[in-house]
Amino acid sequence: MCDDFTLADDAEWQALRRVSRRGFGLGAAGLAAAVPLAGCMANGDADQGPEATGSAAGDIVERAVTIAAPDGSVDGFFYHPAKGRHAAVLVWPDVLGLRDSFKDKGRQLARSGFAALVVNHYYRSAKAPLLPANAKFTDPAVRAQVAPWGKLLDPAAYARDTRAYVAWLDAQKPVDTKRKIGTVGHCMTGSTTIRAAAAVPERIGVAASMHGGGLATDAPDSPHRLIGATKAALLIAIAQNDDARDPAAKTRLREACDAAGRTCEIEVYPANHGWTVADSPAYDAVQAERAFQRQLAFYARL
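These remarks concern the structure in this document. (Residues numbered from 1 in each chain as written. Predicted model: local features only at pLDDT ≥ 70, side-chain atom pairs only at ≥ 80, totals over all residues. Heavy atoms only, no water.)

This part takes up the packing of aromatic side chains. In the structure shown here, the tally under the stated rule is seven aromatic pairs. A ring pair is formed by Phe78 and Trp168, whose centres lie 5.1 Å apart and whose planes are at 85°; its orientation type is edge-to-face. In this pair, Phe78 is assigned in strand E3 (residues 72-81) and Trp168 in helix H5 (residues 155-170), connecting sequence segments 90 residues apart. Their ring planes at 25° and their centres at 4.9 Å tell us that Tyr269 and Trp275 sit as a pair that is stacked. Neither residue differs from the other here; Tyr269 and Trp275 are each classed as buried. Here the aromatic cluster, defined as three or more aromatic residues joined through ring pairs, consists of Trp92, Tyr158 and Tyr165. One Lys or Arg, Arg143, reaches over the ring of Phe137 and ends 6.0 Å from the middle of that ring. The ring of Phe298 carries the charged tip of Arg301 above its face, separated from the ring centre by 4.7 Å. (Phe/Tyr/Trp six-rings, centres within 6.5 Å; stacked < 30°, edge-to-face > 60°. Helix = DSSP H or I, 4+ residues; strand = E, 2+ residues; numbered from the N terminus. Buried < 20%, exposed > 50% of the residue type's maximum accessible area, 1.4 Å probe, protein only. Lys NZ or Arg CZ within 6 Å of the ring centre and 35° of its normal.)

Structure below.
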C-alpha cells in the first residue's frame, strides 16, 4: 500500500540501489541499456490520429482517446496490434497517475497481442500527465497534491467508470468481443480490479492486482468480499513489504477465493511495493517481467 511504511522501505531500497550501483559500476546509462523501454509517444489531444510503431512481434497502433463516462470525459491511450481483433485489457495506473511508464505497459500488452486501454483514473481532477515527469510519492508536496484526487474515487465511482470503459472497448473494431476482458491495477488500483470484475462480471474474465493495497480488510466493502460477485480468475501479486505489514491478507484472499470457487493465484514476490512500475524506486526488472508473464498466462484464458 502507498503509506508511510512503504515510503520508509522505498528510502531504504534506494540507498541499497545506490550502494549496488557503486559496487557494480552501473550508472544511469548502464541501467537504461540493461532495461530498455519503448519510446514514449508525446501527449496528444483526443482526436489525435493513430500512430503505427514497429516491434519484433509486428506493428502496433497507439492513439490518445477520450471516453464518455457518467462523471465526465476520461482521457487515456489505446494500444493494439495493427491487424486483427484481440482480447482487451483495461490498465489502471498507480497513485501517481497516467504517465509514460504506463503508456509503455500499454505498448507491451499490444506487442503481446492484446488491445490495451490505459486510463487516467484521476480524470475528475485533471488531464494526464498530472504531475511532472520526475515526481515521486516520497515527496510530501506530491502526496499533498494527489490526496484530494484519490478522495473522489470511491467504490461506486470505480464501478461507474468500469462500465464506461468496458462499453467503450466493446465498441472498438480491434477488440474481439467474443472474448472476455482482462484488467490490471497497480498500487491503489490493485483492489480496483476486483471491484471492476464485480461491476461487469459478464465481461471481465481476469482481474490482476500488482502490489495492490487494501484487498482484504475488515471493512464491510473490502474487495475480497466481492470475489463471489465476479466471474473472473484472479492474479494477485503481493509485495514482500506489504505482506510483512499484513501477512493475514493473503489468507483472507485465499479463503474468499475458495469459498467463491474462483481460480486465484496469490503469490508474495521477493520485491518491494511498486516493483512492476519502471519509474518506481522499487522497480525490479526481473520480478516485473515474471509478473508480466503470469499476467499473459492468465489473459490467455480470455
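With respect to the helices, strands and loops of the structure, Leu169 is situated in helix H5. If we ignore the near neighbours within four places in the chain, the residues touching Leu169 are Phe78, Ala88, Leu117, Val175 and Ile181. (Contact = heavy atoms within 4.5 Å.)

Let us look at the pattern of salt bridges. Two side chains with opposite charge may pair up if their charged atoms get near one another. Tallied over the entire structure, the rule returns 14 salt bridges. When the shortest N-O distance is used, the salt bridge between Lys250 and Asp243 registers 2.7 Å. Judged by its relative accessible area of 28%, Lys250 falls in the partly exposed class. Of the residues examined, Asp243 reaches a relative accessible area of 14% and is grouped as buried. We note a salt bridge from Glu265 to Arg294, for which the minimum N-O separation is 2.6 Å. In this pair, Glu265 is assigned in strand E9 (residues 264-269) and Arg294 in helix H9 (residues 285-299), connecting sequence segments 29 residues apart. The class of Glu265 is buried, set by a relative accessible area of 19%. Taken together, the shared-partner salt bridges connect Asp71, Arg124, Arg160 and Asp161 into one network. (Salt bridge = Lys/Arg side-chain N within 4 Å of Asp/Glu carboxyl O.)

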